[in-house]
Amino acid sequence: MGFASYREDIISRLGGDQRPRNKETRPMSRLKEFTVQSARPLPVIVLADISGSMGVDGKIQALNHAVREMLEAFQDEADLRAEIHVSVITFGGQAKTHLPLGPARNAKWSDLGAAGGTPMGAAFDLARLMVEDRNVVSSRSYRPTVVLVSDGQPTDAWQQPLEAFLASERGGKAFRMALAIGADADHGVLKAFLADPSARVYRADEAKQIRTFFQLVTMSVSSRSRSANPNSAPAIADDGWDL
C-alpha cells in the first residue's frame, strides 16, 4: 500500500471512530436535560434590610458576602427531586426585588448598598405577591423557605402586610427563619414573622455572625433538597452555632 493509500485508510478509520463517539454523548445530554426538567423548584426568598443603619460596622459588606457565598453553595447542589430557586427582596428606602426568583445555578449577584428607612411591611407585600403568583412559583414547587434579616424597627405599617402574608396559602406554609442584627433590631416583629412560639430568632452581635447565619440557612435548605421529602421540616441542629 502506497503512502497516499495508507493515509486515506487511516483517515477513513479515524472518521469511522469519531461517529460512534458523537452518538454516545447524545444520551448523556438528554439525561441531563431530563434531570433539570424533572426536578421540582424549591424556592428560597430572602427579605434583606438594607436601610441606612446597615451601612455601619461592616454589616452591609458582611450581608453581601454571605448571600454571595450562599448562592455559590446552592449552585453546586444537584438533585433529581429539587432544584433550588432563589430571590432577594430588599427594603431600604423602598422595597423592591433585587434578585428575581429563578434557579440558583443561573443567579448573578450584584452587591447591595445601604440607604433610607426600613419599609418592612412593603417587603412582606412583595413576598406574598411572589409566592402566590403561580407564574413565578409554579404549582410543582415545594414549600418555600423565607428568610428575614433586619437590624432595626419597621418605618412603615407592617402588621397588616405580615398578617396577609401569613394568612396566604404559601406564606403560611413556608419555612421561616429570622436574624436580628445588633441591639436595635426589633425582636418582637421578627418573632411575629416566625409565628411559632418554639421558633428561634437568631442574633448577630457582630458582622461576621451574619455569614454564620447564612451558612445555617444554606445547610437547612440543602438538607431539604436532598431529603426523601423536601416538603418536610429540615432537621438541623442549631445549638452549636454562635448566634
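All values derive from a computational prediction rather than experimental measurement.

Q: I'm lost on the sheet that holds strand 3 (residues 94-103) in this one. Help?
A: Two pairing modes exist for strands in a sheet, parallel and antiparallel, and in both the strands are linked by backbone hydrogen bonds. Spatial ordering of the open sheet is given by 3-2-1-4-5-6, a layout of six strands whose pairing is mixed. Whereas interior strands pair on both sides, the edge strands pair on one side only; in this sheet they are strand 3 and strand 6 (201-204). Between one strand and the next, the sheet's axes are offset by a mean angle of 15 degrees, whatever the strand orientation. Helix 7 (residues 208-226) rests against strand 1 (40-49), strand 2 (82-92), strand 4 (145-150), strand 5 (175-181) and strand 6 of the sheet, and its axis sits at about 175 degrees to strand 5.

Q: Help me understand helix 4 (residues 159-167), please; the structure alone is not making it clear to me.
A: Because an α-helix packs 3.6 residues into every turn, residues spaced three or four apart end up facing the same way. Looking only at helix 4, the buried set comprises Pro161, Leu162 and Phe165. Looking down the long axis of helix 4, one finds its buried residues gathered within 100 degrees of arc, a one-sided arrangement. In helix 4, the exposed positions angled more than 90 degrees off the buried face are occupied by Gln160, Glu163 and Ala167.

Q: In this structure, what is going on with the packing of aromatic side chains? I would like to understand it.
A: Two aromatic rings, taken as a pair, are described by how far apart their centres are and by the angle between their planes. Tallied over the entire structure, the rule returns four aromatic pairs. Centre to centre, the rings of tyrosine 202 and phenylalanine 213 are 5.7 Å apart; their planes meet at 55 degrees, and the pair counts as tilted. Here tyrosine 202, found in strand 6, pairs with phenylalanine 213, found in helix 7; they are eleven residues apart in sequence, far enough to count as distant. Like tyrosine 202, the residue phenylalanine 213 is buried in the burial classification. Through a chain of ring-to-ring contacts, the aromatic side chains of Phe124, Phe165 and Phe193 assemble into a single cluster. Here the basic side chain of arginine 40 rests over the ring of tyrosine 142, its NZ or CZ set 4.0 Å away from the ring centre.

Q: Would you take a moment to explain the pairing of strand 6 for this structure?
A: Two faces belong to every sheet, and in a regular strand the side chains alternate between them. Alignment of strand 5 against strand 6, held across four bridges, turns out to be parallel. Within the sheet, the bridge partner assigned to isoleucine 181 lies in strand 6 and is alanine 204.

Q: What is the right way to read the nonpolar core from this model?
A: In globular proteins that are soluble, nonpolar side chains generally tend to be buried together. By size, the foremost hydrophobic cluster in this structure holds 38 residues, and its most contacted members are Leu63, Val86, Ile210, Phe213 and Phe214. At the level of secondary structure, the elements contributing two or more residues to this core comprise strand 1, helix 2 (59-75), strand 2, strand 4, strand 5, strand 6 and helix 7. Sorting elements by how many residues they give to this core places helix 2 first, with eight residues. Core analysis: the second largest hydrophobic core is formed by 28 residues, Ala123, Val146, Ala174 and Ala178 among them.

Q: Which parts of the structure should I look at to understand the pattern of salt bridges?
A: A side chain of one charge can pair with a side chain of the opposite charge when the charged atoms of the two come close. Counted under the stated rule, the structure contains nine salt bridges. When the shortest N-O distance is used, the salt bridge between aspartate 151 and lysine 59 registers 2.8 Å. With aspartate 151 in the loop between strand 4 and helix 4 and lysine 59 in helix 2, the pair connects residues that are 92 residues apart, well separated along the chain. We note a salt bridge from arginine 68 to aspartate 111, for which the minimum N-O separation is 2.7 Å.

Q: Hey, could you run me through unusual backbone geometry in this one?
A: For residues that are not glycine, phi is negative in most cases, and the peptide bond is trans in most cases. Despite not being glycine, aspartate 57 shows a phi value in the positive range, around 60 degrees. Note that aspartate 57 resides in the loop between strand 1 and helix 2. With relative accessibility at 70%, the residue aspartate 57 sits in the exposed group. Of note, the phi angle at alanine 195 is positive, near 50 degrees, even though the residue is not glycine.

Q: Help me understand the packing of helix 2 against helix 7, please; the structure alone is not making it clear to me.
A: Here helix 2 crosses helix 7 at 20 degrees, and the two axes come no closer than 9 Å. It follows from the interaxial angle that helix 2 and helix 7 lie roughly parallel. Along this stretch, helix 2 crosses helix 7, giving a crossing that reads as right-handed. Where helix 2 abuts helix 7, its residues Lys59, Ala62, Leu63, His65, Ala66, Val67, Glu69, Met70, Ala73 and Phe74 lie against Ile210, Arg211, Phe214, Gln215, Val217, Thr218, Val221 and Ser222. Of the residues assigned to the contact of helix 2 with helix 7, the class counts are eleven nonpolar, four polar and three charged.

Q: Would you take a moment to explain the environment of serine 232 for this structure?
A: As for its position among the elements, serine 232 is in the segment after helix 7. Separated by 90 residues in sequence, serine 232 and tyrosine 142 have C-alpha atoms that sit 9.5 Å apart. In contact with serine 232, other than residues within four places in its own chain, are Phe175, Arg224 and Ser227. A distance of 2.6 Å separates the side chain of serine 232 from the backbone oxygen of asparagine 229, its partner in a polar contact.

Conventions used here
- Residues numbered from 1 in each chain as written.
- Predicted model: local features only at pLDDT ≥ 70, side-chain atom pairs only at ≥ 80, totals over all residues.
- Heavy atoms only, no water.
- Pairing = 2+ DSSP bridges.
- Helix = DSSP H or I, 4+ residues; strand = E, 2+ residues; numbered from the N terminus.
- Axes fitted to C-alpha atoms, helices over the stretch in contact; angles between N-to-C directions.
- Contact = heavy atoms within 4.5 Å.
- Buried < 20%, exposed > 50% of the residue type's maximum accessible area, 1.4 Å probe, protein only.
- Arc of directions from axis to C-beta.
- Phe/Tyr/Trp six-rings, centres within 6.5 Å; stacked < 30°, edge-to-face > 60°.
- Lys NZ or Arg CZ within 6 Å of the ring centre and 35° of its normal.
- Core = buried A, V, L, I, M, F, W, Y, C linked by side-chain atoms within 4.5 Å.
- Salt bridge = Lys/Arg side-chain N within 4 Å of Asp/Glu carboxyl O.
- Parallel < 35°, antiparallel > 145°, perpendicular 65-115°, else oblique.
- Left-handed = near helix turned anticlockwise from the far one by under 90°.
- Nonpolar A, V, L, I, M, F, W, Y, C, P; charged D, E, K, R; others polar.
- Polar contact = N/O pair within 3.5 Å; in protein donor to acceptor, adjacent residues only side chain to side chain.

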